[in-house]
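Topology and contacts: notes
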Amino acid sequence: MRDANPRTVYLKDYTVPDYLIQHVDLNFTLDEENTRVVSRLTMCRNPASRSSDTSLTLAGENLQLIRVVLNEDNELGDKDYLQTPDSLIIHDVPQQRSFVLTIENGIDPKANTALEGLYLSNGMLCTQCEAEGFRKITYFLDRPDVMADFTTTITADRDRFPVLLSNGNKVGHGNLPDNRHWVTWKDPFKKPCYLFALVAGQLECVEDYFTTVSGRDITLQIFVEKHDLDKCGHAMQSLKNAMAWDEQVYGREYDLDLYMIVAVSHFNMGAMENKGLNVFNTKFVLARPDTATDADYEHIEGVIGHEYFHNWTGNRITCRDWFQLSLKEGFTVFRDQEFTGDRTSKAVKRIEDVNMLRTRQFAEDAGPLAHPIRPDAYIEINNFYTLTVYEKGAEIVRMLHTLLGADGFRKGSDLYFERHDGQAVTCDDFVSAMEAANGADLSQFRRWYAQAGTPVINVAQHYDAAQKTLSLTLSQYCPPTPGQPAKEPLLIPITTGLINKDGSPALCRLQDGEAAEQVVLQLTQPEQTFVLADLNEEPIVSVLRGFSAPVKLAMNRPLDELAFLLSHDPDTFNRWDAGQQLAVQVISGLIVDYQDGSELAVNPLLIDAYKKVLAHPWEDLSYFSLLMTLPSELYLTEQMRVVDVEAIHYAREAVAKALAEQLREPLEALYLKHHRDESGQFDAGAIGRRRIKNTCLAYLARLDADWVQHWALQQFNSAKNMTDQLAALTVIVNHPHPASQQCLDSFYEQWRHEALVIDKWFTTQASSPLPGTFEKVLDLLDHPAFDIKNPNRVRSLIGAFSQSNPLHFHAASGQGYQFLADRILELNSLNPQVASRMVGALTSWRRYDEKRQGLMKAQLERIISTPAISKDVYEVAVKSLA
Ligand code: ARG
Ligand code: ZN
């Protein structure tokens, strides 16, 4: 599989394509094992190309070439072209005028376990082309800056493939002898081949419509397997919400008359924005109150929105090359985050996004695979669909929004759409549009696209009572990352507010500025002082409100100041974060005590702060639940120099148990207040009631008391919605409970026909902190429902164990590491993309003690020395060892 030296692709080597493709005419004759593809490409030399080479190189992998014809009648022979494992080189093609190249080839979808190109998923045929999967369908100029219009004709057996879909509009169909039929699709919009899609199978469809601002009726269709028809309502409503939102917030209307979504059970990622024909992982479409949790409902709406928003940010305007991936992904994630915030709770959504960023993305940015949101080199582009490109990319767009204001940002996005519609462009083009529309200078801001690593911000304050001023001295420092030893200072927007000692807000006024509730300090220098005036007393400072930049704030605040902010900060993010920092400090102290073998005594100040939170009359119960939630083990991991998984787990548990014991009464009361079942209700109120109730149950479970075990069992048995049932099961599985196995068995029996629920069953068991979890995971590998060829199943068992169960994955014996490497090697030959994702859990080896470092490294070395290693896995493993 692997070349001795896999090729690295560099951004600096970008050149325009030597040829262009104006029109693509595809003809598929479908068969599970032997699909025929006839591709007729109308092409010409690119006038902008500066190469003098008259040959044409098309990309192609795993294709059985049948014939090549130039200009209708000239069938090319062996000597006219050269076939390599990943290309077809035609020695001589016309240079002066356009020409037609017809290529016929065969492919075997059934053998395609990598799920890239055309493959089989539960009997249906579907495609995944981004980033470079189209070359597994036919020979092509497989790069995003080659945009063509596509006509696609699909011929297949009528019984096996009654539904035949591709991009655009259906322009013809008919029957053929031998029980066969055909359909022709035409996409009027030029697109790169990564947005091509084809789906065929026994699918059922839910249909609805949406009337756009300009009064056009768009047909909306969601295709699923028959058994899932009753789980499409939420996805359909989400799509309509997304369409309306993009009209209102960005002035973007849908362009085709038809929007199709297909849900497939075998999918490497979340979903794919193919023009007019999105292909989705079933996980992000199917939901019924009894099968999907409140979190699932939210994620479905978010991903449906994300793919829909790509129609403008990704499809109408696409990327010039794959180094620009964040152009479409960062912007589209920002758009879907704002959409979800508007649909649910802005405060809660922001906290959830920052939580993800500060645990997973900060870890990536601090590790051996750190890369800028616009990387400058890759071996396998699929490895760069990262939290950095997506989530940090969204933070960069959010900072532009903060710096330019909502109106300025909208002017910038309008100009971007106006300038670049129909083009394949760069991140720089996006920033230039923002700049031009606002008369702003974003030259320093552009460094965010090129520099990796998370900046650390230090804050020092000085109050001058005579002058009534507060000086805030901010400094920035970004640690080195691979290939970037020294960093330039960035432009960092730091939203700041002030609070008086009595808890009332103090106005902020920068010299010669106007007084406001908060100010955006623009840090541009390594160190800079900002002076705030007219302050009669020294206020408490609230820095980085709303998490206005993806940075680490280094402020050693006394516990009582954090407790003060937890009670008084009007900024919902900083209020929550004050509670998190308070808990981090207390838990960090206990981690040291645990390591010293001392008794773990929880600081009463923390208990008192939580008691106050419990006593407050919160309106947003989801936000209340977040305030009541301790920082995760993963977040605590990020705070430690040498990670000690056991100390983290037991110190955090000690705090949770102390809270349960000392706040037992209010927690119990709160649980009982909201415990009545509200199946089927999905308004913010019902979601919040479930969330706070289940937060209380999880605390109380730490008491290991019969009555709590009984509550959990009762909730498990009577729940009518998956949120409550799963929350109860999790409590039962995470703590010793006499009915634990019985509940797992009955859950399995109840849901054995719902694959997505069975995924949860695997995950719950793989995530338990109880002893015996590793052995359980080994047993589950042999369970008849486990299927290593299904990525959702792999993620639910192997992914959950290695990425969400630090206590057991990092067992001192190294058994977790060996287990993971075994699975990676097994997956490597089946599905390199999924295999490569699983390596992630080993890449942070430098963060652990020497013994674990050695054990993790040994597995990484074993992986790279495996002869048939894929370049996907190789790249991640080799870079993490460097
Ligand atoms: N563009 C898709 C999305 O974020 C993701 C597709 C990634 N696929 C891949 N094989 N890397 O919406
Ligand atoms: Zn995307």
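Residues numbered from 1 in each chain as written. Chains lettered and ligands numbered in written order. Predicted model: local features only at pLDDT ≥ 70, side-chain atom pairs only at ≥ 80, totals over all residues.

1. Topic: the overall build of the protein
From N to C terminus, the protein includes 26 helices and 32 strands. In terms of C-alpha radius of gyration, the protein reaches 28 Å, essentially the compact-globule figure of 29 Å for 882 residues. Dimensions along the principal axes, computed over C-alpha positions, put the protein at roughly 85 × 70 × 60 Å. Taking the intrachain contacts of the protein between residues at least 6 apart in sequence as the baseline, contacts between residues at least 24 apart amount to 70%. (Helix = DSSP H or I, 4+ residues; strand = E, 2+ residues; numbered from the N terminus. Rg over C-alpha atoms; globule rule 2.2 N^0.38 Å. Contact = placed C-beta atoms within 7 Å.)

2. Some remarks on unusual backbone geometry
Omega for the peptide link from Glu130 to Ala131 comes to 0°, which places this bond in the cis form. Mapped onto the elements of the fold, Ala131 is located in the loop between strand S11 (124-128) and strand S12 (148-157). Unlike most non-glycine residues, Asn179 shows phi in positive territory, near 60°. Note on placement: Asn179 falls in the loop between strand S14 (169-176) and strand S15 (180-191). For Phe547, which is not a glycine, the phi torsion comes out positive at approximately 50°. With respect to the helices and strands, the residue Phe547 is situated in the loop between strand S31 (540-543) and strand S32 (552-554).

3. Describing the domain arrangement of the protein
Partitioning the protein into structural domains gives domain 1 (9-202), domain 2 (318-450), domain 3 (456-556) and domain 4 (752-882). In this structure, domain 1 and domain 3 have C-alpha centres spaced 55 Å apart. (Domains from an automatic or database assignment.)

4. Brief notes about the sheet that holds strand S20 (residues 271-272)
One open sheet holds the five strands; their spatial order is S17-S18-S19-S21-S20, and the pairing between them is mixed. Looking at the sheet topology across the chains shown, the edges are occupied by strand S17 (204-211) and S20. (Pairing = 2+ DSSP bridges.)

5. Structural notes on the nonpolar core
Ranked by internal contacts, the top residues of the largest apolar core, which has 253 residues, are Val199, Ala200, Val262, Val285, Val655, Leu697 and Ala712. Here Val655 is in contact with Ala583, Val586, Ile587, Leu590, Val602, Leu606 and Leu630, once residues within four sequence places are set aside. (Core = buried A, V, L, I, M, F, W, Y, C linked by C-beta atoms within 7 Å. Buried ≥ 20, exposed ≤ 12 C-beta atoms within 10 Å, placed from the backbone.)

6. A look at the site of ligand 1
In the neighbourhood of ligand 1, 13 residues make up the surrounding shell, with Glu130, Met269, Met272, Asn382 and Tyr385 lying closest. For the shell around ligand 1, the elements supplying multiple residues, two or more each, are S20 and helix H2 (294-309). Taken together, the residues of the shell around ligand 1 break down into five nonpolar, four polar and four charged. (Near = placed C-beta within 6 Å. Nonpolar A, V, L, I, M, F, W, Y, C, P; charged D, E, K, R; others polar.)

7. Structural notes on the confidence of the model for the protein
Considering every residue of the protein, the mean pLDDT works out to 97; 100% of them sit at 70 or more. Across the whole predicted complex the pTM is 0.99, and at the interface the ipTM reaches 0.98. (pLDDT = per-residue confidence, 0-100.)

8. Notes on the pairing of strand S3 (residues 35-45)
Summarising the sheet, strand S2 (residues 19-29) and S3 pair through ten bridges and their orientation is antiparallel. Directly across from Leu26, in S3, lies its bridge partner Ser39. Linking two consecutive strands that pair antiparallel, namely S2 and S3, is a turn of five residues. The pairing of S3 with strand S9 (residues 99-107) spans nine bridges and is classified as antiparallel. Note on S9: the bridge partner recorded for Val37 is Asn105.

9. Description of the packing of helix H4 (residues 346-366) against helix H5 (residues 387-420)
Their axes nearest at 10 Å, the elements H4 and H5 cross at an angle of 125°. In terms of orientation, H4 lies oblique with respect to H5. Helix-helix and strand crossings are classified by hand; for H4 and H5 the assignment is left-handed. When H4 is examined against H5, the residues Met356, Leu357, Arg360, Gln361, Glu364 and Asp365 are found in contact with a partner set consisting of Leu387, Thr388, Glu391, Lys392 and Glu395. Looking at the contact of H4 with H5, its residues break down into three nonpolar, two polar and six charged. (Axes fitted to C-alpha atoms, helices over the stretch in contact; angles between N-to-C directions. Parallel < 35°, antiparallel > 145°, perpendicular 65-115°, else oblique. Left-handed = near helix turned anticlockwise from the far one by under 90°.)

10. Considerations on the sheet that holds strand S30 (residues 527-532)
As summarised here, the arrangement of the four strands in space is S30-S26-S25-S32, forming an open sheet in which the pairing is mixed. The open sheet has two free edges, formed respectively by S30 and S32, since each of these has just one partner strand. Sheet twist, expressed as the mean angle between neighbouring strand axes with direction ignored, is 25°. With three bridges connecting them, strand S25 (residues 456-464) and S32 associate as parallel partners. Within S32, the position partnered with Ile457 by the bridge is Leu553.

11. Side note on H2
Each α-helix winds once per 3.6 residues, and so residues spaced three or four apart point in a common direction. With 16 residues, H2 extends 23 Å between its outermost C-alpha atoms, agreeing within 8% with the 22 Å of an ideal straight helix rising 1.5 Å per residue. Most of H2 sits inside the fold, with 14 of its 16 residues counted as buried. (Expected span 1.5 Å × (residues − 1).)

12. Things to note about the environment of Ser880
Its location among the elements puts Ser880 in helix H26 (residues 871-881). The class for Ser880 is buried, based on 23 C-beta atoms found within 10 Å. Once the C-alpha coordinates of Ser880 and Gly408 are considered, the two residues, 472 residues apart in sequence, prove to be 41 Å apart. Excluding residues that lie within four positions of it along the chain, Ser880 makes contacts with Pro368, Leu369, Leu842, Thr843 and Leu860.

13. Some remarks on the environment of Ile351
Relative to the elements of secondary structure, Ile351 occurs in helix H4. Here Ile351 falls in the buried class, since 23 other C-beta atoms lie within 10 Å of it. Sequence separation of Ile351 and Phe547 is 196 residues, and the distance between their C-alpha atoms is 8.8 Å. Setting aside anything within four residues of it in sequence, one finds Ile351 in contact with Phe573, Trp576 and Leu626.

14. Examining the environment of Leu442
Here Leu442 shows up in the loop between helix H6 (427-438) and helix H7 (447-450). Residues Leu442 and Ala506 lie 64 residues apart in sequence; the distance between their C-alpha atoms is 31 Å. Each residue touching Leu442, except ones within four places of it in the same chain, is listed here: Val431, Met434 and Glu435.

15. Re the packing of helix H17 (residues 722-734) against helix H19 (residues 755-766)
Closest axis-to-axis distance for the H17/H19 pair is 9 Å, and the angle between their directions is 30°. Judged by the angle between their axes, H17 and H19 are roughly parallel. Note on packing geometry: the crossing formed by H17 with H19 is right-handed. Two secondary-structure elements touch here, H17 through Leu726, Leu729, Thr730 and Val733 and H19 through Lys760, Thr764 and Gln765. Residue composition of the contact of H17 with H19, by class: three nonpolar, three polar and one charged.

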